[in-house]
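Chain and residue survey
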Amino acid sequence: HPDQNSFMLVYNGNRIFTDNGYAKAYTRDHNTLTINGAGQYYEGSEHSDWQTSDAKYANPSIKVFESCEDYLYAVGDATESYEQNSRLQKYERHFVFLKPDVLVVLDNANLEWWSLNSELKTNFFTPLTYSETNSDGSFSFQNSDVKMNVFTVGNGSASVQNLDRTISKNGTTE
């Protein structure tokens, strides 16, 4: 399934980050990275095609997992989950959960030097309702029980999609 380094998050019974369902399998429908619009092995296949695809050769791993009273830290490596023509040399996702309510997701993705003009895009999905783009460049989503502020940094692009629209890193909506 093309969702390596993806995650889902529930906070106090509220779904904060989800994926986009169980239609044909596309990386862009999960909370993970696409490169020039392309995703991981098994892209676009039916769920039953897993064993006959090249995806069986992908070797994702959890490199680090630490948990204590104040925080949780984890690193997932999904480098081998992408086809070689993506020019990806490394894709590690770092999760830092500062208990009780701050989550930092950091993507460390390196491409071969001649493909530096490639678009790296981090996709996020939430059932929360878009409420506003803030003066600090972040955007907010909320429901009656929870509010989430999303901050993006770095050179890649990011988008947060909910049922109504897609909000891109620069605050534009689609």
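Residues numbered from 1 in each chain as written. Predicted model: local features only at pLDDT ≥ 70, side-chain atom pairs only at ≥ 80, totals over all residues. Heavy atoms only, no water.

On to the overall build of the protein, then. The helix and strand inventory of the protein stands at zero helices and 13 strands. Taken from N to C terminus, the helices and strands of the protein fall in the order β-β-β-β-β-β-β-β-β-β-β-β-β. The buried share of the protein, taken over its 174 residues, is 39%. Only carbon and sulfur atoms are counted for the fraction: they give 47% of the accessible area of the protein, which is about 10,100 Å². (Helix = DSSP H or I, 4+ residues; strand = E, 2+ residues; numbered from the N terminus. Buried < 20%, exposed > 50% of the residue type's maximum accessible area, 1.4 Å probe, protein only. Areas by Shrake-Rupley, 256 points an atom, 1.4 Å probe, with all protein chains shown as cover.)

Once that is clear, we can look at the confidence of the model for the protein. Averaged over every residue, the pLDDT of the protein is 80; the share at 70 or more is 78%. Predicted confidence in the protein is weakest over strand S13 (residues 166-168), with a mean pLDDT of 64, and strongest over strand S5 (residues 71-77), with 97. (pLDDT = per-residue confidence, 0-100.)

Glancing now at the packing of aromatic side chains. Summed over all chains, the structure comprises seven aromatic pairs. Here Phe-7 and Phe-95 contribute two aromatic rings whose centre-to-centre distance is 5.3 Å and whose plane-to-plane angle is 80 degrees, an arrangement assigned as edge-to-face. Residue Phe-7 is located in the segment before strand S1 (9-11), and its partner Phe-95 is located in strand S6 (residues 88-98); the two are separated by 88 residues in the primary sequence. An angle of 75 degrees between the planes, with centres 5.8 Å apart, marks the rings of Tyr-82 and Tyr-91 as edge-to-face. (Phe/Tyr/Trp six-rings, centres within 6.5 Å; stacked < 30°, edge-to-face > 60°.)

With an omega of 15 degrees, the peptide bond between Lys-99 and Pro-100 qualifies as cis. Mapped onto the secondary structure, Pro-100 falls in the loop between S6 and strand S7 (102-111). We note that Asn-12 has phi near 50 degrees; this positive angle belongs to a residue other than glycine. Along the chain, Asn-12 turns up in the loop between S1 and strand S2 (14-17). On the basis of relative accessible area, Asn-12 is assigned to the exposed category, the value being 64%. With a phi angle near 50 degrees, Asn-36 is a residue other than glycine that sits in the positive phi range. Relative to the helices and strands, Asn-36 is located in the loop between strand S3 (33-35) and strand S4 (61-67).

A contiguous nonpolar surface patch, about 390 Å² in accessible area, is contributed by Tyr-71, Leu-98, Val-102, Val-104 and Leu-106. If one sorts the elements of the nonpolar patch by residue count, S7 sits on top with three residues. Summarising the element assignment, Val-104 is placed in strand S7. Of the residues examined, Val-104 reaches a relative accessible area of 38% and is grouped as partly exposed. (Patch = residues over 30% accessible without salt bridge, like charges linked within 9 Å, V, L, I, M, F, W, Y side chains within 5 Å. Salt bridge = Lys/Arg side-chain N within 4 Å of Asp/Glu carboxyl O.)

The next thing to look at is the nonpolar core. By size, the foremost hydrophobic cluster in this structure holds 14 residues, and its most contacted members are Phe-141 and Met-148. Listed by contribution, the elements that provide at least two residues to this core are S2, strand S10 (139-142) and strand S11 (147-150). Core analysis: the next-biggest nonpolar cluster, separate from the first, contains eight residues, Ile-35, Tyr-82, Leu-88 and Leu-111 among them. (Core = buried A, V, L, I, M, F, W, Y, C linked by side-chain atoms within 4.5 Å.)

Once that is clear, we can look at the layout of surface pockets. Put simply, the second largest pocket is a space of about 360 Å³. Looking at the second largest pocket, it is lined by 17 residues, and the ones nearest its centre are Ser-6, Phe-7, Ile-62, Ala-74 and Phe-95. Counting only elements with at least two residues in the lining of the second largest pocket, the list comes to S4, S5 and S6. The leading source of residues in the lining of the second largest pocket is S5, at four residues. Tallied by class, residues from the lining of the second largest pocket come to twelve nonpolar, five polar and no charged. (1 Å grid on protein atoms, 1.4 Å probe; cavity = no way out; pocket = protein on both sides within 12 Å on 5 of 7 lines; lining within 4 Å. Points joined across faces, edges and corners; volume = space filled by probe spheres on them. Nonpolar A, V, L, I, M, F, W, Y, C, P; charged D, E, K, R; others polar.)

Take the sheet that holds S4 next. Ordered by their spatial adjacency, four strands build an open sheet running S4-S5-S6-S7, and the pairing between neighbours is antiparallel. The open sheet has two edge strands, S4 and S7, and neither has a second partner. Going from strand to strand, the sheet's axes swing by 10 degrees on average, the running direction of each strand aside. Of the strand pairs in this sheet, S6 and S7 are connected by ten bridges, and their pairing is antiparallel. Looking at the pairing, Glu-92 lines up with Asn-108 of S7. (Pairing = 2+ DSSP bridges. Axes fitted to C-alpha atoms, helices over the stretch in contact; angles between N-to-C directions.)

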